[in-house]
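# Examining the three-dimensional arrangement
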Amino acid sequence: MSIVAVLAVALGGDSIPAIVPRPAHVTVQPGAFTLRTATVIVTDRALRGLGERLADDLFPATGLRLAVRTGAPAGTGTIAIRLDSSLARLGEEGYLLDVRPSRLAIRAYRAAGAFYGIETLRQLLPPAIFRQAEMTGVAWRIPAVAIEDVPRFAWRGVHLDVARHFMPKEFVKKVIDLAALHKLNRFHWHLTDDQGWRLEIKQYPRLTQVGAWRRETLIGRKDQDSTKWRFDGQPHGGFYTQDDVREIVAYARARFVTIVPEIEMPGHSQAAIAAYPELGNRGDTLPVWTAWGVDQNILNPGEATIQFAQNVLSEVMGLFPGPWIHTGGDEAPKAQWKASPLAQARIRELGLKDEEALQGYFTRRMDEFLTSHGRRLIGWDEILEGGLAPNAVVMSWRGVDGGIAAARAGHDVVMTPGSHTYFDHYQSSDTAAEPLAIGGFLPLDTVYAFEPVPPALTAAEARYVLGAQGQLWTEYIPDPKRAEYMVFPRLCALAEVLWTPREARDYADFTRRLATHLERLAALDVNFRPITN
Ligand code: TNX
């Protein structure tokens, strides 16, 4: 048992309330605050929107329409939500939550902190609070606690591949909502790949007219022998219009989630080449890819293609206000560049060593472009191979070594190793009892045991580790329900890795709280994998 839990028991209180991720400091006190018809939500002018959102969230299950008053005194029977300039120690995202039988108060230095205080408050209520119809016979009691909470990491992310299988806009919003419930603050949206281009680009309409649709999809696991491949004969596709994106960006912003859009280059680009064959190396007309794996068809490194990529990124920057733009960079086989006169001439002209250095040059051109527009390029760890672009942030997916190398070179890093953060891997060793997955084995306790800061880093280097995120690649994940099954409850474990102080992490205590948390997810219609092992 942790020190906090021992203290709580010693004080005669219950164990730590079932909040996921577990707050940094919790003191359980006697008594409870009860929601009643007369309860009033009191906010600062700046936090009025958050107060209204809380009132809206509490209404369906309780049937109570709580009044929201701005600038009123926080007396008996009030829920006060306020900014406090003396709380700079809590940073952008920390908060204090003080629940007494007579009144309840959330205080934070910044609005994001107040938002997380509200998320904690919702989890202190019975799980039925997440239902969308009035739940009779439930006592809406909030146990008296004093919570002081700040996140351990600044980058707490979840990634979703909507290229391999298109996921509808409503599901994207649900993922953002669930991210916020777990106090995650980055949504990495993998929008383009060989099998589909999902973002409307006004200058290049064929990207979605052609690139958003594939003729059919490989059935089952990809066999080494391509003569054995069988296809489903069903067209698959879809894309988000720019208006859809504006809606999703606003939805995320209201939940303090920054979207990190990803446009893959120069690899994972067959859908773009299918739309505009001049982007490829051979000028042949390709279909949007119907199989999985590492594709040999990559963008050519010519000046016109660099211009194309920058034009696309201009529209992306116009849609997404966040600081980070992801340009992929992973798995770009160089056979076509080796055979291409244009690529070889580029290598000579630019005095580059080889094809890897040419990809490094391509990435640096994107880095300069994004930097000149006040943004940061982020890419998968292959971008280290051809000489790292000066401002780039690295996502370390092939283990943590890329992250270590980048941090030592003074680059920001987000840890995304397959070994601990790939939610497309199996959740059980009994794979026959699970839906078909890409392979691998990533059980819940392994996610929980993940340590984003590799011990090899010094304290100074460790500061470059911004955090981590969970990945959902969707080759074998055809729809939202399967996506939920693969992500939950593993994302709950990762959220705790990212939020909770390292010394307060305790797997047994996590699984105890998770049992209640899964009732919340059930109320929210999340198709989580039940805990069976
Ligand atoms: C590798 S992770 C990829 C993806 C696949 C994934 C499957 C990464 C940067 N590239 O394109 O979907 O493996 O696990």
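Residues numbered from 1 in each chain as written. Predicted model: local features only at pLDDT ≥ 70, side-chain atom pairs only at ≥ 80, totals over all residues. Heavy atoms only, no water.

## A short note on the overall build of the chain
- Secondary structure summary: the chain contains 18 helices and 21 strands in total.
- Residues classed as buried in the chain amount to 61% of the 533 residues present.
- Total accessible area on the chain stands at roughly 20,300 Å², and carbon and sulfur atoms take up 54% of it.
- Of the charged side chains in the chain, 58 are positive and 61 negative, and the gap between their average positions amounts to 5 Å. (Helix = DSSP H or I, 4+ residues; strand = E, 2+ residues; numbered from the N terminus. Buried < 20%, exposed > 50% of the residue type's maximum accessible area, 1.4 Å probe, protein only. Areas by Shrake-Rupley, 256 points an atom, 1.4 Å probe, with all protein chains shown as cover. Lys, Arg positive; Asp, Glu negative; His and termini not counted. Charge placed at Lys NZ, Arg CZ, Asp CG, Glu CD.)

## Digging into the nonpolar core
- Residues Leu35, Ile79, Phe187, Trp189 and Leu207 are the most contacted members of the largest nonpolar core, which totals 151 residues.
- Ignoring sequence-local partners within four residues, the contact set of isoleucine 79 consists of Phe33, Leu35, Thr39, Val40, Ile41, Val42, Leu54, Leu66, Leu104 and Leu121.
- Membership of the second largest hydrophobic core comes to 12 residues, among which are Trp324, Met395, Leu466 and Trp473. (Core = buried A, V, L, I, M, F, W, Y, C linked by side-chain atoms within 4.5 Å. Contact = heavy atoms within 4.5 Å.)

## Things to note about the site of the ligand
- Near the ligand the following residues occur: Arg164, His268, Asp330, Glu331, Trp380, Trp397, Tyr422, Asp424, Ile438, Trp473 and Glu475.
- Here an oxygen atom of the ligand sits 2.9 Å away from a polar atom, N or O, in the side chain of arginine 164.
- Contact with the protein chains removes 93% of the 360 Å² of surface that the ligand exposes when unbound. (Near = heavy atom within 4 Å. Polar contact = N/O pair within 3.5 Å; in protein donor to acceptor, adjacent residues only side chain to side chain.)

## Points about the sheet that holds strand β3 (residues 67-70)
- Strand order in this open sheet of 7 strands is β1-β7-β5-β6-β4-β2-β3, and the pairing throughout is mixed. The open sheet has two edge strands, β1 (25-34) and β3, and neither has a second partner. The mean inter-strand angle of the sheet, taken between neighbouring strand axes irrespective of direction, is 20°. (Pairing = 2+ DSSP bridges. Axes fitted to C-alpha atoms, helices over the stretch in contact; angles between N-to-C directions.)

## Quick word on the environment of proline 266
- For proline 266, the position within the fold is in the loop between β14 (258-262) and α7 (270-275).
- Judged by its relative accessible area of 0%, proline 266 is buried.
- Between the alpha carbons of proline 266 and threonine 363 there is a distance of 8.7 Å; along the sequence they are 97 residues apart.
- Look past the residues within four positions of proline 266 in its chain and what remains in contact with it is Ile298, Leu299, Ala332, Trp337 and Gln359.

## A look at the domain arrangement of the chain
- According to the domain assignment, the chain consists of domain 1 (17-149) and domain 2 (155-523).
- A straight line from the C-alpha centre of domain 1 to that of domain 2 covers 35 Å.
- Opposite the 23 residues of domain 1 that make contact, domain 2 presents 26 residues.
- Buried surface at the junction of domain 1 and domain 2, both sides included, amounts to about 2,300 Å², of which 60% is carbon and sulfur.
- Among the residues domain 1 hides against domain 2, the three largest losses belong to Val20, Pro21 and Arg22. Together they make up 29% of the total.
- Remark: the boundary between domain 1 and domain 2 carries 2 salt bridges.
- Between arginine 22 and aspartate 509 there is a salt bridge, and its shortest N-O distance comes to 2.7 Å. (Domains from an automatic or database assignment. Buried area = accessible area lost by both parts, 1.4 Å probe. Salt bridge = Lys/Arg side-chain N within 4 Å of Asp/Glu carboxyl O.)

## A closer look at the packing of aromatic side chains
- Counted by the stated rule, this structure contains 19 aromatic pairs.
- Every member of this aromatic cluster is reached through a ring pair, and the members are Phe166, Phe187, Trp189, Tyr240 and Phe320.
- The ring of tryptophan 499 carries the charged tip of lysine 183 above its face, separated from the ring centre by 5.7 Å.
- Positioned above the aromatic ring of tyrosine 448, the side-chain terminus of arginine 505 is 5.9 Å from the ring centre. (Phe/Tyr/Trp six-rings, centres within 6.5 Å; stacked < 30°, edge-to-face > 60°. Lys NZ or Arg CZ within 6 Å of the ring centre and 35° of its normal.)

## Topic: unusual backbone geometry
- Of note, the amide linkage connecting valine 20 to proline 21 takes the cis form, showing an omega dihedral of 0°.
- With respect to the element layout, proline 21 can be found in the loop between α1 (3-10) and β1.
- At histidine 268, a residue that is not glycine, the phi angle is positive and equals roughly 50°.
- Along the chain, histidine 268 falls in the loop between β14 and α7.

## What to know about helix α16 (residues 480-487)
- Inspection of α16 places Ala483, Glu484, Tyr485, Met486 and Val487 among the buried residues, and these make up the whole buried set.
- In the core, the buried residues of α16 are packed alongside α4 (169-181), β19 (425-426) and α17 (490-499).

## Looking at the packing of helix α2 (residues 48-62) against helix α3 (residues 111-124)
- Contact pair α2 / α3: the axes reach a minimum separation of 11 Å and the direction vectors enclose 15°. The angle between α2 and α3 places the two elements in the roughly parallel class. At the point where α2 passes α3, the crossing takes the right-handed sense. Counted together, Leu50, Arg53, Leu54 and Asp57 of α2 and Ala111, Ala114, Phe115, Ile118, Glu119, Leu121 and Arg122 of α3 form the full contact between these two elements.
- Residue composition of the contact of α2 with α3, grouped by class: 7 nonpolar, no polar and 4 charged. (Parallel < 35°, antiparallel > 145°, perpendicular 65-115°, else oblique. Left-handed = near helix turned anticlockwise from the far one by under 90°. Nonpolar A, V, L, I, M, F, W, Y, C, P; charged D, E, K, R; others polar.)

## Quick word on the pairing of strand β16 (residues 376-380)
- The element β16 is extensively covered by neighbouring structure, given that 4 of its 5 residues are classed as buried.
- Summarising the sheet, strand β15 (residues 324-326) and β16 pair through 3 bridges and their orientation is parallel. Looking across to β16, one finds that tryptophan 324 is bridged to arginine 376.

## Examining helix α10 (residues 341-349)
- Ala343, Arg346 and Ile347 are the residues of α10 that are buried. Down the axis of α10, the smallest arc covering the buried residues is 100°, so these residues share one side. Opposite the buried face of α10, at more than 90 degrees from it, the exposed residues are Pro341, Arg348 and Glu349.
- Those residues of α10 hidden inside the fold are in contact with α8 (303-319), α9 (335-339) and α11 (355-372).
- Near the N-terminus of α10, the side chain that reaches the backbone nitrogen of leucine 342, with its oxygen 3.3 Å away, is that of serine 340.
- Following α10 by one or two positions, glycine 351 adopts a phi angle in the positive range, close to 65°. (Arc of directions from axis to C-beta.)

## Digging into the pairing of strand β6 (residues 104-108)
- The buried fraction of β6 is high, at 4 of 5 residues.
- Relative to β6, strand β4 (residues 78-83) is paired through 5 bridges, and the arrangement is parallel. Bridge pairing in β6 links isoleucine 81 to isoleucine 106.
- Sheet topology places strand β5 (residues 95-99) next to β6; 4 bridges connect them, and they run antiparallel. The residue bridging valine 99 from the neighbouring strand is leucine 104, located in β6.
- Here β5 folds back onto β6, and the loop between the two strands holds 4 residues.

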